[in-house]
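Spelled out from the first residue to the last, the chains are:
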Amino acid sequence: MNPESPIVFVVDDDYRLREALTRLISSIGFAVATFSSAAEYVDSEKPDAPACLILDLQLPGTSGLELQQQLAAGDAPPIIFITGHGDIASSVRAMKAGAIEFLSKPFGEQELLRAIDAAIVLDREARQKRSVLAELQKHYSLLTPRERVVLTFVVAGFANKQAAGDLGIAENTIGVHRGQIMRKMGARSLAELVRMADKLGIARTNPPE
Amino acid sequence: MQKAFDEIRKSENQLRAIINTIPALAWSARPDGSADFFNRLYLDYMGLSAEQALDWGWTVALHPDDLNRLADYWQSVLASGEAGEIEVRLRRFDGIYRWFLFRASPLRDESGKIVKWYGTNTDIEDRKRAEDAVRASGRDLSQIIEAIPGLVWCAAPDGEVNYLNRRMLDYTGTTPGAWEQLGWANFLHPDDVEPTGRAWSRAIATGHTHAIQCRLRRSDGVYRWFQVLGEAACDSEGGVTRWYGLLLDVDDRKSMEEALRITEARLSRATQIATVGERSASIAHEINQPLAAVVASSHACLRFLSAQPPRMAEAYEAAESIVRDGKEAGEVVRRIRALFKRAAVEKAMLNLNDVIGEVLRLLGGETAKRHVAVETDLGKDLPLVPGDRVQLQQLVLNLLLNGIEAMDPVRDRPKKLFLRSKQESPETVLVEVRDYGIGLENPDRVFEAFVTTKENGMGMGLTICRSIVEAHEGRLWVASGEVPGTTFCFALPMRLRADS
């Protein structure tokens, strides 16, 4: 299977609904994986693909809202809540915690499709961001400790001479480090290097007065 | 001569005896007003000797406050030569002053010249005290009338108002004259003029207590509710001599009552919603679960059928699931109804008129707010039926709310609910709830769950109603008439089969 083709996860304790949703979602063309409880979902092996999670609010054991909280820390896919009897309090909580949709059973095909599409788009973007970051981190890991220090001076806008003065090394040495940094990070310009450092969350050394 | 002299002396003695004995203070005075004679009683009263009292000496016994008044008056009497009288206080020998009526008449000679003044002083102390007491109690009464926290009025037997107390005048910001000119109707709320006038006319005609509530305009234009009370005072023949009336400000109480009723209605509705809401939360979850599956499978089924070429096997499978899950939803509904049936019917013997009355009281605020008139024709001596009071209240409440809601869209005719109760047969009691609302499209289907004519209806209300009626071994049906609206009827047996 194409790793980039999206998958829809369904967590609901009612087998009739799991069956019906599998039927409907697969008829639209998405891959579906269903789980009868929060624990089953957490323990499962998930493919590396854009995804969304259709989550029943009233689950036995760990509830939908609790699972949402557990997942919030990691790279979980966007959540679409479904409920047989939605009360305002829990829908507000769910939406505040980042759920992208809250559907009352029974829901129509269109509502569900819109929600799934929106969720997949979001997840694709999130995955894109995550992979860019992973790439950058790989490059960054190639830098020597000294080069990492020099990087904080370079992205803060220090001239080679100033950085050399502050670090107590020769100006030429700074130039060599700088070349190595640009090469290892794959940056074609100082501007690009600055953007990369931002994404990586690297603190800049305070510029000279 | 001696004999004649003796006769004169004898009659003079007699006269003296009379004068000294009559129960009055007698005296005589010269034409200039100075006293020249006091009878014994007078001298004894004052505790003065004749020498002390003669001329003006007696005036020491006058009350100092009355001295000038008496002197002036006595001078005017002397000048006019006419008889006169005056009330003054005279000191008794023991120092106590008592009120006396002084009377003086002149004696004239043939030429008409006054030769003597004769007078008597009558003790009027007791009368005076009585008068003071009357005056004081009158003052007390008017103080009471002005002080009582109510508006007081009096009216003639024909109803014409002829007295208003100060509070009444202050409240309305008017004067007795203005009131008389404008008439009481001018001070009432326009809506209250007619009923108040009718009640007042009836009271005048019958002499019965006049009691009504109406809104009276305050001087600042604000209308406040008053309880009007009027009682007729009658003479010994029973004819009305005067009307005495009182107006009590009941506006605060009235608004409190209104607030209380609204709260009650809200509370009852809230309780009802809470109970139904609680049930419907779990019911909804149970029903929505299979329904969600039905809807999802239906969409899938349609997709399979419209695929090129149609994916028949999968469509067939989806349709099978739809049938299965749909049946399941129906099963849930049946379970709900069984739940109502199982709820133990407390077999208390009830008068359905009481149940209706209780629900109408609770609904009072709701019907008033929605301008729904409620008419009843409740059968007298209605036989009792065995039933659960709360369930039957819920039944009547649901039917009434249903009727009220059915009339919400009605604009072109008065909104009216009509309730009737009667013995239907030797074994059953019938209750009819008629609304003049929009009527029903499918009278046969209304008791099915999820069939609703209301935009926001759950479609459960009438299903619950039927469950309750069935739990009481009764019948619930719709009697569609030719008139606009709907009539719901239920009949309950006077004895449960389970008992026999």
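Residues numbered from 1 in each chain as written. Chains lettered and ligands numbered in written order. Predicted model: local features only at pLDDT ≥ 70, side-chain atom pairs only at ≥ 80, totals over all residues.

## Overview of the overall build of chain B
For step 1, the next point in the chain: On a plain count of helices and strands, chain B comes out with 13 helices and 17 strands.
For step 2, the next point in the chain: Taken across its 500 residues, chain B has 26% of its residues classed as buried.
For step 3, the next point in the chain: Partitioning the contacts of chain B with sequence separation of at least 6, the portion at a separation of at least 24 is 52%. (Helix = DSSP H or I, 4+ residues; strand = E, 2+ residues; numbered from the N terminus. Buried ≥ 20, exposed ≤ 12 C-beta atoms within 10 Å, placed from the backbone. Contact = placed C-beta atoms within 7 Å.)

## Digging into the pairing of strand E9 (residues 223-234) of chain B
Residue and element names in this part refer to chain B.
For step 1, the next point in the chain: Sheet topology places strand E8 (residues 210-217) next to E9; 8 bridges connect them, and they run antiparallel. The residue bridging Arg215 from the neighbouring strand is Trp225, located in E9.
For step 2, the next point in the chain: Adjacent in sequence and paired antiparallel, E8 and E9 are bridged by 5 residues, among which Gly221 carries a positive phi angle near 95 degrees.
For step 3, the next point in the chain: Pairing between E9 and strand E10 (residues 240-249): 9 bridges, direction antiparallel. Opposite Cys234, over in E10, you have Val240 as the bridge partner.
For step 4, the next point in the chain: Linking E9 to E10, which pair antiparallel, is a turn of 5 residues; within it Gly238 sits at a positive phi near 90 degrees. (Pairing = 2+ DSSP bridges.)

## Quick look at the sheet that holds strand E6 (residues 151-155) of chain B
All names here are of chain B.
For step 1, the next point in the chain: Read across the open sheet, the 5 strands follow the order E7-E6-E10-E9-E8; overall the sheet is antiparallel. Of all strands in the sheet, those with a lone pairing partner are strand E7 (161-164) and E8, marking the two edges. Neighbour-to-neighbour, the strand axes of this sheet turn through a mean angle of 25 degrees, independent of strand direction.
For step 2, the next point in the chain: With 5 bridges joining them, E6 and E10 adopt antiparallel strand pairing. By the bridge assignment, Ala155 is partnered in E10 with Trp243.
For step 3, the next point in the chain: The sheet strands contacting helix H8 (residues 190-206) are E8 and E9, and the helix crosses E8 at an angle near 150 degrees. (Axes fitted to C-alpha atoms, helices over the stretch in contact; angles between N-to-C directions.)

## Some details on the environment of Ile19(B)
For step 1, the next point in the chain: Among the secondary structure elements, Ile19(B) is positioned in helix H1 (residues 2-21).
For step 2, the next point in the chain: Not counting residues up to four positions away in its chain, the partners in contact with Ile19(B) are Ala26(B) and Asn39(B).

## Examining the interface of chain A and chain B
For step 1, the next point in the chain: Each partner contributes to the interface: chain A provides 17 residues, whereas chain B provides 20 residues.
For step 2, the next point in the chain: At 8 residues, the largest contribution of residues to the side of chain A that touches chain B is made by helix H1 (residues 15-28) of chain A.

## Quick word on the nonpolar core
For step 1, the next point in the chain: Counting residues in hydrophobic clusters, the biggest one holds 48 residues, and the most contacted among them are Val8(A), Phe9(A), Val11(A), Cys52(A), Leu53(A), Ile54(A) and Ile80(A).
For step 2, the next point in the chain: Those elements giving two or more residues to this core turn out to be strand E1 (7-11), H1, helix H2 (38-43), strand E3 (51-56), strand E4 (79-83) and helix H5 (109-140) of chain A together with helix H9 (251-306) and helix H10 (312-342) of chain B.
For step 3, the next point in the chain: In terms of residues, this core owes the most to one element, H9(B), which gives 10 residues.
For step 4, the next point in the chain: Setting aside residues no more than four positions away along its own chain, Val8(A) makes contact with Ile25(A), Phe30(A), Ala31(A), Val32(A), Ala51(A), Cys52(A), Ile54(A) and Ile116(A).
For step 5, the next point in the chain: Judged by nonpolar contacts, the second largest core, of 34 residues, contains Leu363(B), Leu462(B), Val469(B) and Phe488(B). (Core = buried A, V, L, I, M, F, W, Y, C linked by C-beta atoms within 7 Å.)

## Examining unusual backbone geometry
For step 1, the next point in the chain: Residue Lys105(A) is joined to Pro106(A) through a cis peptide bond whose omega torsion reads -5 degrees.
For step 2, the next point in the chain: Along the chain, the position of Pro106(A) falls in the loop between strand E5 (101-104) and H5.
For step 3, the next point in the chain: The omega torsion of the bond from Gln308(B) to Pro309(B) falls at -10 degrees, within 30 degrees of zero and hence cis.
For step 4, the next point in the chain: Within the element layout of this structure, Pro309(B) appears in the loop between H9 and H10.
For step 5, the next point in the chain: With a phi close to 50 degrees, Asp381(B) is a non-glycine residue in the positive phi region.
For step 6, the next point in the chain: Structurally, Asp381(B) can be placed in the loop between strand E12 (372-378) and strand E13 (385-387).
For step 7, the next point in the chain: In this model, Glu473(B) sits at a positive phi of 60 degrees, which is unusual for a non-glycine residue.

## What about the sheet that holds strand E1 (residues 25-29) of chain B?
All names here are of chain B.
For step 1, the next point in the chain: Strand order in the open sheet formed by 5 strands is E2-E1-E5-E4-E3, with antiparallel pairing between adjacent strands. Only two strands of the sheet have a single partner each, and these edge strands are strand E2 (35-38) and strand E3 (84-91). Within the sheet, the average angular offset between the axes of one strand and its neighbour, ignoring direction, is 25 degrees.
For step 2, the next point in the chain: Examined bridge by bridge, strand E4 (residues 97-108) and strand E5 (residues 114-123) share 9 bridges and lie antiparallel to one another. Within E5, the residue paired with Leu101 across the bridge is Thr122.

## A short note on the packing of helix H7 (residues 160-167) of chain A against helix H8 (residues 171-185) of chain A
All names here are of chain A.
For step 1, the next point in the chain: Remark: H7 packs on H8, axes separated minimally by 8 Å, with the N-to-C direction vectors making an angle of 110 degrees. In terms of their interaxial angle, H7 and H8 are classed as roughly perpendicular. On H8, the residues touching Asn160, Lys161, Ala163 and Ala164 of H7 are Glu171, Ile174 and Gly175.
For step 2, the next point in the chain: For the contact of H7 with H8, the class distribution of residues is 3 nonpolar, 2 polar and 2 charged. (Parallel < 35°, antiparallel > 145°, perpendicular 65-115°, else oblique. Nonpolar A, V, L, I, M, F, W, Y, C, P; charged D, E, K, R; others polar.)

## Quick word on the confidence of the model for chain B
Residues and elements named next belong to chain B.
For step 1, the next point in the chain: Chain-level pLDDT for chain B is 82 on average; 87% of the residues reach the 70-or-more range.
For step 2, the next point in the chain: Here residues 449-459 scores under 50 on pLDDT; set against residues more than four positions off or in separate chains, the count is 14 contacts.
For step 3, the next point in the chain: Overall fold confidence (pTM) sits at 0.42, and the ipTM for the predicted complex is 0.71. (pLDDT = per-residue confidence, 0-100.)

## Focus: the pairing of E2(B)
Every regular strand shows the same layout, with side chains that alternate between the two sheet faces.
Residues and elements named next belong to chain B.
For step 1, the next point in the chain: As defined by bridge partners, E1 adjoins E2 across 3 bridges and the pair is classed as antiparallel. For Ser28, the partnering residue across the bridge sits in E2 and is Phe37.
For step 2, the next point in the chain: Counting the residues in the hairpin turn of E1 and E2 gives 5 residues, including Gly33, whose phi is positive at 100 degrees.

## Looking at the packing of H5(A) against helix H9 (residues 190-200) of chain A
All names here are of chain A.
For step 1, the next point in the chain: For the pair H5 and H9, interaxial distance at closest approach is 10 Å and the crossing angle is 105 degrees. With respect to their mutual orientation, H5 and H9 come out roughly perpendicular. For the pair formed by H5 and H9, the contact residues are Leu133, Leu136, Gln137 and Tyr140 on the first element and Met196, Lys199 and Leu200 on the second.
For step 2, the next point in the chain: Taken together, the residues that form the contact of H5 with H9 break down as 5 nonpolar, 1 polar and 1 charged.

## Looking at the environment of Leu21(A)
For step 1, the next point in the chain: Mapped onto the fold, Leu21(A) is located in helix H1.
For step 2, the next point in the chain: Distance in space between the C-alpha atoms of Leu21(A) and Thr34(A) is 9.0 Å, their sequence separation being 13 residues.
For step 3, the next point in the chain: In this structure, Leu21(A) is in contact with Val10(A), Ile54(A) and Ala296(B), ignoring residues within four places of it in sequence.

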